[in-house]
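Descriptive structure summary
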There are 2 protein chains.
Amino acid sequence: MSEDTVPQNTEERIKEAARKVFMEKGFDGTTTRDIAEAAGINVALTNYYFRSKEKLFRMIFEDAHREFFHESHELLQRPISLREKIPQLIASDFRLFAKNPNLSLFLITERHRHPELLATAKEAPPAVLFFLNQVQEAVTQGEIRPVAPAHVLQLIMANVQFVFLSKPIMFQCTNISPTAYAEFVSQHQQLVTQMIMIYLFDF
Amino acid sequence: MSEDTVPQNTEERIKEAARKVFMEKGFDGTTTRDIAEAAGINVALTNYYFRSKEKLFRMIFEDAHREFFHESHELLQRPISLREKIPQLIASDFRLFAKNPNLSLFLITERHRHPELLATAKEAPPAVLFFLNQVQEAVTQGEIRPVAPAHVLQLIMANVQFVFLSKPIMFQCTNISPTAYAEFVSQHQQLVTQMIMIYLFDF
DNA sequence: CAATGTTTTAAACAGTTGATTAATTTTTTG
DNA sequence: CAAAAAATTAATCAACTGTTTAAAACATTG
């Protein structure tokens, strides 16, 4: 995905610049001239390749949306036990958001501010439904604590994504150093995994 | 705070309208004309009372920031055990964000997008430091599982705030009905409290 | 090489933005 | 009530916005 090499292909170069700027400043905070400058091209070219700022944004958002669901897609419906699956899901999400620290804020903000632009973000992904069923099944079998499956999804998403959302406020509250923070994040992944597993399986 | 009665005081009416619009659409997505319309006044009046959009925004953000910390301020340094304090903190935060569903997204987004405008959001609040010390003390005394205090703060914030941040995506993933969702949120508060308490105290 | 198609550019357009102005209405006060 | 002060308005400003245009530069090909 995000290679450091600048692509010679102009269309791709615009798309990458747009992704970078949109992710950082959001749809409202981004101007076509911002994107053009980031891509090192003339303003008119963004409209030459993508017909409008809106269409370009739609494309970027849908890519990001896909990236978010694609990461866990296969894992969610893999035929393994929850005891294996949940720690792997957490690890996989931590990896995704560590690689892409703005992704969570971007998806949440734009979904909230511009729901009309987001055709993709409508139907429930089948892989998620599969996972929810698996949780329900585990509850029925008495393997895990009896909870509505949505809670498990909520727990995983919250405890992974919020780490990246709250980075600035955690810096303020704890006066932590940047190097120590990286260590903190990695420790938190372990802690969250352990906490959720204990909660679900030891009851 | 947010009375439903429209205040006759013009300054207050502008401020309330600004708060509403800024919270919903963010700094970049808001125009001075949006605010004027929401307040039912002429555009020029926003600059008559507050000298610029930026100054008005600063005021709104700082209010929101204060509101966020004020809610827990007293509770954080109350001389009670963590066994009592943590569930109360979670309950207090749930109450705050339920009353103000956009607060979390607003604070996180604007802090990320416009750090230069936010003078307030710099120093660590003493009440938070008090709480972190109390956690450290409890660890030393062997009362709770040995964890770095920042993790506890992170757990509480994540598991409360993300519920409100993820409302749209949870609707997508679970096809839940609006009435069922309210029940889900209330259940999740219980679940999260229980999970964190078990994790910290049973080890 | 000339003709043709593609990519890129500078310039411009109409609409919107935050902000100011100068005039008008409303309120206060001596 | 009249004069002064304060609040409110419509009109306007320059800067910026997304988008389009028409011309230039570049590449392709017969």
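Residues numbered from 1 in each chain as written. Chains lettered and ligands numbered in written order. Predicted model: local features only at pLDDT ≥ 70, side-chain atom pairs only at ≥ 80, totals over all residues. Heavy atoms only, no water.

**Topic: helix α2 (residues 32-39) of chain A**
Residues separated by three or four positions in an α-helix point in the same direction, a consequence of the helix having 3.6 residues per turn. Residues and elements named next belong to chain A. Let me state the cut-off plainly: Relative accessible area decides the class of each residue, using a 1.4 Å probe on protein chains only: under 20% of the type maximum gives buried, over 50% gives exposed, and in between gives partly exposed. Every helix listed is a DSSP run of H or I at least four residues long, and every strand listed is a run of E at least two residues long, numbered separately from the N terminus. Directions from the helix axis toward the C-beta atoms define the arc. By definition in these notes, contact holds between two residues if any of their heavy atoms fall within 4.5 Å.
When we look at burial in α2, the residues that qualify are Ile35, Ala36 and Ala39. Along the axis of α2, the buried residues cluster in a sector spanning 100 degrees; they form a single face. Along α2, exposed side chains directed more than 90 degrees from the buried face belong to Arg33 and Glu37. Against the buried residues of α2 lie α1 (10-29), α3 (43-49) and α4 (53-76). Directly after α2, the chain includes Gly40, whose backbone phi takes a positive value near 70 degrees.

**A word on the relation of the copies chain B and chain A**
Counted only if it meets this: Copy-to-copy alignment: least squares on C-alpha atoms, limited to residues at pLDDT 70 or above in both.
The transformation that overlays chain B on chain A combines an axial shift of 0.0 Å with a rotation of 180 degrees, and the residual RMSD is 0.0 Å. On this basis, the relationship between the two copies can be described by a two-fold rotation axis.

**With respect to the protein's contact with DNA strand D**
Going by this rule: When we say a residue is near a molecule or strand, we mean one of its heavy atoms is within 4 Å of it. N or O atoms closer than or at 3.5 Å make up a polar contact, with two conditions inside protein: a donor-capable atom paired with an acceptor-capable one, and, for residues adjacent in sequence, both atoms drawn from side chains. The residue classification treats Ala, Val, Leu, Ile, Met, Phe, Trp, Tyr, Cys and Pro as nonpolar and Asp, Glu, Lys and Arg as charged. All others, Gly included, are polar.
Taken together, the neighbourhood of DNA strand D is formed by 15 residues, with Thr32(A), Arg33(A), Lys53(A), Tyr48(B) and Tyr49(B) sitting nearest. Each atom of DNA strand D within 4 Å of the protein belongs either to a base or to sugar and phosphate, the latter forming 55%. Contact distances for DNA strand D include 2.8 Å between a base nitrogen and a side-chain N or O atom of Arg33(A). For the surface near DNA strand D, the secondary-structure elements that each account for two or more residues are α2 and α3 of chain A together with α3 (43-49) of chain B. In terms of residue count, the dominant contributor to the surface near DNA strand D is α3(B) (4 residues). Residue composition of the surface near DNA strand D, by class: 6 nonpolar, 7 polar and 2 charged.

**Details of the UniProt feature "domain: HTH tetR-type" (unreviewed entry) in chain A**
Rule in force here: UniProt positions are given in the numbering used here, feature names are shortened, and annotations may be inferred rather than shown by experiment.
Under the feature "domain: HTH tetR-type" (unreviewed entry), the UniProt entry names residues 8-68 of chain A. Secondary structure within residues 8-68 of chain A divides into 84% helix and 0% strand; the distance between the first and last C-alpha atoms comes to 27 Å.

**Here's the deal with unusual backbone geometry**
Peptide bonds are trans in most cases, and residues, glycine excluded, mostly fall at negative phi. All names here are of chain A. Its identity is not glycine, yet Asn175 carries a phi of approximately 55 degrees, on the positive side. Structurally, Asn175 is set in the loop between α9 (167-174) and α10 (178-201). For Asn175, a relative accessible area of 54% translates into the label exposed.

**Observations regarding the interface of chain B and chain A**
To keep things clear, this is the line we draw: Note on terms: buried area is the combined drop in 1.4 Å-probe accessible area of two parts once they are placed together, counting the loss on both. Salt bridges are identified by distance alone: a Lys or Arg side-chain nitrogen within 4 Å of an Asp or Glu carboxyl oxygen.
Contact with chain B, which involves 58 residues of that partner, is made by 58 residues of chain A. Considering only the side of chain B, the residues that lose the most area to chain A are Gln154(B), Phe162(B) and Gln172(B), jointly responsible for 14% of the buried surface there. For the interface between chain B and chain A, the tally reads 0 salt bridges. Viewed at the interface, chain A and chain B are joined by 17 residue pairs in polar contact (both at pLDDT 80 or more). Elements with a minimum of two residues in the side of chain B that touches chain A: α1 (10-29), α4 (53-76), α6 (103-113), α7 (126-140), α8 (149-165), α9 (167-174) and α10 (178-201) of chain B. A per-element tally of the side of chain B that touches chain A places α8(B) first, with 12 residues.

**Considerations on the protein's contact with DNA strand C**
DNA strand C sits among 15 residues. The nearest are Thr10(A), Tyr49(A), Thr32(B), Arg33(B) and Lys53(B). In the interface set of DNA strand C, defined as its atoms within 4 Å of the protein, sugar plus phosphate atoms amount to 52%. A distance of 3.1 Å separates a phosphate oxygen of DNA strand C from a polar backbone atom of Asn42(A). At the level of elements, α3 of chain A together with α2 (32-39) and α3 of chain B are the ones that each hand at least two residues to the surface near DNA strand C.

**As for helix α6 (residues 103-113) of chain A**
Counting buried positions along α6(A) gives 10 out of 11 residues, so the element sits mostly inside the fold. Listed as buried for α6(A) are Leu103(A), Ser104(A), Leu105(A), Phe106(A), Leu107(A), Ile108(A), Thr109(A), Glu110(A), Arg111(A) and Arg113(A).

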